[in-house]
Amino acid sequence: MRTISRLLWVISGFGLGVGTLYWFLTYEATGAVLLWFFGLMPMIVALWMWRRGLVSAHLAEDEPEADPSASAGEVVGSFPLMSAWPIIAVLGVVMAGASLVYGLILLAPGIALLGYAIYGLMRESRH
Amino acid sequence: MSRLRVRLAASSVLVATATGCSSSFGMPRGGTEQGQEIFKLWQIFMIAGIVVAALVYGLIAWSLIRYRRRRTDDPAALGRQFHLNVPLEVVYTVIPIVIVVGLFAVSFRGERRVERLVPDPAVTLHAEAYAWGWRFTYGDDGPTVVSDPSGQGVAGPTIELPRGRTTRVVLTSNDVIHAFWVPGFLFKRDAIPGRTTEFDLTPTDEGSYHGVCAEFCGLNHAYMTFTVVVTDPASFDAWLADRPSEAPTP
Amino acid sequence: MSTLVERSPAPQAPMEPERHGPVAWLTTTDHKKIGIMYCVTAFAFFLVGGALADTMRTELAEPGRQLVSTQTYNTLFTIHGTVMIFLFVAPFGSGLANYLIPLQVGAPDMAFPRLNALSYWFFAGGGLLVLLSGFASAGGGAAMGWTAYTPLSEARMSPGVGPDLWILGIALVAVATLLTGVNILTTVFLLRAPGMTMWRLPIFTWNMVVTALLGLVAFPPAVAAFALLLIDRRLGGHAFDPFGGGDPVIYQHLFWFLGHPEVYILILPTFGVVTEIIPVFSRKPLFGYTGFVLATLAIGALSTGVWAHHMFTTGAVDNPFFSAMSLLIAVPTGIKFFNWIGSMWQGKIRMAVPMLFSMGFLLNFLIGGVTGVMLASPPIDFQVADSYFLVAHFHYTMMGGAVFGLFAAIYFWHPKMTGRMLSERLGRVVFALLFLGFNLTFWPQFILGMRGMPRRIVDYAGGLGFDTPNLVSSVGAGVLTLGVLVFLYDLWASRRHPVAAGDDPWGGYSLEWATSSPPPERNFTSLPRIRSERPAYDMRHPGAPR
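Criteria and cut-off values
Residues numbered from 1 in each chain as written. Chains lettered and ligands numbered in written order. Predicted model: local features only at pLDDT ≥ 70, side-chain atom pairs only at ≥ 80, totals over all residues. Helix = DSSP H or I, 4+ residues; strand = E, 2+ residues; numbered from the N terminus. Rg over C-alpha atoms; globule rule 2.2 N^0.38 Å. Contact = placed C-beta atoms within 7 Å. Nonpolar A, V, L, I, M, F, W, Y, C, P; charged D, E, K, R; others polar. pLDDT = per-residue confidence, 0-100. Pairing = 2+ DSSP bridges. Axes fitted to C-alpha atoms, helices over the stretch in contact; angles between N-to-C directions. Expected span 1.5 Å × (residues − 1). Bend = angle between axes of the 7 residues up to and from the residue. Buried ≥ 20, exposed ≤ 12 C-beta atoms within 10 Å, placed from the backbone. Left-handed = near helix turned anticlockwise from the far one by under 90°.

(A) Quick look at the overall build of chain A. For chain A, the count of helices and strands is four helices and one strand. N-terminal to C-terminal, the α/β element order of chain A is α-α-β-α-α. Relative to the 2.2 N^0.38 estimate, which gives 14 Å for 127 residues, the radius of gyration of chain A is 22 Å and therefore markedly larger than a compact globule would have. Partitioning the contacts of chain A with sequence separation of at least 6, the portion at a separation of at least 24 is 49%.

(B) Geometry of the interface of chain A and chain C. Residue-level contacts link 50 residues of chain A with 56 residues of chain C. Elements that contribute at least two residues to the side of chain A that touches chain C include exactly helix H1 (2-26), helix H2 (29-51), strand S1 (75-80) and helix H3 (85-102) of chain A. When its residues are assigned to classes, the side of chain A that touches chain C shows 32 nonpolar, twelve polar and six charged.

(C) Structural context of the confidence of the model for chain C. Confidence in the prediction of chain C, expressed as mean pLDDT, is 92, and 96% of residues score 70 or more. Predicted as a complex, the structure gets a pTM of 0.94 and an ipTM equal to 0.93.

(D) Examining the interface of chain B and chain C more closely. Contacts between the two partners involve 66 residues from chain B and, on the opposite side, 71 residues from chain C. Listed by contribution, the elements that provide at least two residues to the side of chain B that touches chain C are helix H2 (33-66), helix H3 (86-115), strand S6 (178-182), strand S7 (187-191) and strand S9 (207-213) of chain B. Among the residues making up the side of chain B that touches chain C, the classes are represented as 39 nonpolar, 15 polar and twelve charged.

(E) Quick look at the sheet that holds S7(B). Residues and elements named next belong to chain B. Here we have five strands laid out as an open sheet, ordered S4-S10-S9-S6-S7, and mixed in their pairing. The open sheet has two edge strands with one neighbour each: strand S4 (158-162) and S7. Ignoring which end each strand starts from, the neighbouring axes of this sheet average 25° apart. Note: S6 against S9, two bridges, orientation antiparallel. Along S9, the bridge assignment pairs Trp181 with Val212.

(F) Up close: the sheet that holds strand S2 (residues 133-138) of chain B. Residue and element names in this part refer to chain B. Taken together, the five strands give an open sheet; going across it, the order is S3-S2-S1-S5-S8, and neighbouring strands pair in mixed fashion. Two strands close off the open sheet at either side, each with one partner strand: strand S3 (144-146) and strand S8 (197-201). Strand-to-strand twist in this sheet, taken as the mean axis angle between neighbours without regard to direction, amounts to 20°. Pairing analysis gives six bridges linking strand S1 (residues 123-130) to S2, with the strands arranged antiparallel. For Ala127, the partnering residue across the bridge sits in S2 and is Phe136.

(G) A look at the environment of Thr275(C). All names here are of chain C. Its place among the elements puts Thr275 in helix H7 (residues 248-282). Distance in space between the C-alpha atoms of Thr275 and Val217 is 25 Å, their sequence separation being 58 residues. Apart from the residues lying within four places of it in its own chain, the contact partners of Thr275 are Ile203, Leu286 and Phe292.

(H) View of helix H3 (residues 70-105) of chain C. All names here are of chain C. Relative to the 52 Å expected for 36 residues at 1.5 Å per residue, H3 spans 50 Å between its end C-alpha atoms, a close match to the ideal helical length. Along its length, H3 reaches its greatest deviation from straightness, about 35°, at Met84. In terms of residue burial, H3 counts as a mostly covered element, since 32 of its 36 residues are buried. One or two residues past the end of H3 sits Gly106, with phi positive at roughly 80°.

(I) The pairing of S1(B), seen in detail. Residues and elements named next belong to chain B. Relative to strand S5 (residues 167-173), S1 runs parallel, the two being bridged by seven bridges. What sits directly across from His126, in S5, is Val170. Taking the residues between adjacent antiparallel strands as the criterion, S1 and S2 are bridged by two residues.

(J) Structural view of the packing of H3(A) against helix H4 (residues 113-135) of chain C. Where H3(A) meets H4(C), the axes come as close as 8 Å, and the angle between the chain directions of the two elements is 35°. In the crossing of H3(A) with H4(C), the sense of the turn from one axis to the other is right-handed. Residues Pro86(A), Ile87(A), Ala89(A), Val90(A), Val93(A) and Val94(A) of H3(A) form the contact with H4(C), whose own contacting residues are Arg114(C), Ala117(C), Leu118(C), Trp121(C), Phe122(C), Gly125(C) and Leu129(C). Its residues placed into classes, the contact of H3(A) with H4(C) shows eleven nonpolar, one polar and one charged.

In structure tokens:
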């Protein structure tokens, strides 16, 4: 994880540095704010990794001489092989979005469909 | 052998440079002093581009021919297994940096010259773009030339500029973003509603130049043309005096 | 239906038989199926965008009006640009990433399989809205260019529901990009196989990591801009309306802060593809792996600081800053060319179809890159910005570069995805037609731009030197189309008369070649030891020099 943390810090430093350089060269606010936020975003993840002690965590994937069996069978989650909820959720979003254009009559069913899909997704992952 | 190759490469660079300095690479040479600055930059960038492209193409062609798998080769044969060469990698990082720093320097100097505004322009031309036509006013309330509101002639409205004198163009738009582009001058500038932008044109060659709107501005964008005629100062003054100082609003 | 997901190689749990049929595809969360769906849908959008382009080229073949009305033409190029950028090249990269990344890092699936499915459906839904915005809209389709510059895209100048649908569609596609980006990063950071350190990741995966990061950086500001635009249009806002105190230049800043990283989002997957292919067909390792990865990171970082080179002619930005950044980005791109050449040097190069397309990519993209350096000089932009020179330039990078790379990817990984080879003979024909057609179409456009033809015009006057190049260009578009048709025939023929590919038809290097073709559900029944960036090569050449 050290490589990843380093990568995030470098990106963050680049964004903040270029943003600052840009600000003092141009005094143009839009671009400077965009660049500063570009610098802050990876910092959020990097700080989180640092606080959780993940930076020096020892994973088999970062061990150059690790054996393929080192993480075999380790459970990474419980997922359905198929799920209808994603397509239903997007159907709801498309309907709700189209309501802005084609008439608000589509809004309620769209949001209802999306809510139903979110509920379904959550129920599904409880297993 | 390798010395011969170096000599060949050097002489081809020389040939490229020599022909490059006289060649326009298909670009008009620029009918204004500002345009000629841009033309010089164009030549420099073009020569640099051709030299780099020739080198890279040469290396690719050499690799493909020299290191192709021949019919007589074992199908399972491997190439030489090497992973890196740090000095070489440093060289091919540093050389491009040197090239782009040089290009930046000439481009920076060129832009300063193109965008320089003289303190006392001989003519001030207010150009106002609208969808889909142009309204040109000489001075603050002098003669005005407007696009024909009835239709879109190919030539569009015709304005004249004096040769050898500097014209300050004050450009704006009254609806959407347009752009004032005279390809023969190698120059364009966006006309943004709510903003005014200024630039100088100092024509050097007499003639008629085609002008267009270069920023997509809606339905009849393609027909938003105009014509710039560069004449000697005396004819220009006569032409200007002939213009009525008020033209119908579009 | 729910199963525990375990790291490979998982103990041989009894697996459900693989499901087929439409419902299985519509509800799948398997990264391989989603990847294929992404690629197929994106390629369908390519055919749509190509048909639009052919219509435009026919219209422009000679001066005078021939085919479509001005309004229709303006819609054509708007939808052509949007489709090719947001619905073809970028999603095709996402599709390849979805399919390949778990295989290349040795993971059983993407980290969030259902999020993955959600992202595909967002893409498909958004794409549908974008198409609707052009063709089935009351009161006029979207006809404001793919850049949707304000105030042209405000309700006053572009009434009708077309632009609204366009905005919604792009917003959904943006969400899809964000979800895929998060998924890719999590998978690569946390689900690598033992021994697959970050510095042994296959280059395609590395490039997708940078692509995903760029997507996360670039899309949110643009979605904000589109949201503000929608508020302007529908709810009476004035964010970008100069007559209500707004500023159209801020729209351009927000848009191009997406727009320029976006071109690297389009090209980086292709860089990855070509970098996988060239070493395999040269029978050599990649030359300068570390330098290549650092160059990719440099491209990603610098690409966030060059956006306003699209605004050089506004007179409202700091041209030298953006000129310097844009010139600098040529350096890491140049480094990659030397990596590729170094990877062929002293190799045993086999000119199979994927390698042919990769060479086509190198030749075309170099011209795109060199003209890109010219466009980084603001004064040269004063002449060629918004002209056909620019159109030719970005088609040399996007079409000659990215699309040739994607064709290389199809010929390279189609055997892995389906277990069937594509025809080597037809592949050469496809390559020849596409390469010839492409250069015939876009080389004349450089000349058109220098002679002063602006982009996005439905018609041009005769006698300005535009006639011959336009005709040549239109003929070239015909040759290109023929090439695509032959390719479709090749796909069909490979289904009709299958030629079995075997697990590793090319002697590939990365992990996907160490499993079966097509790979089983959860990807691996056994993993080789990973001791370099070429685990499959090490497995097949024990004791060979590394």
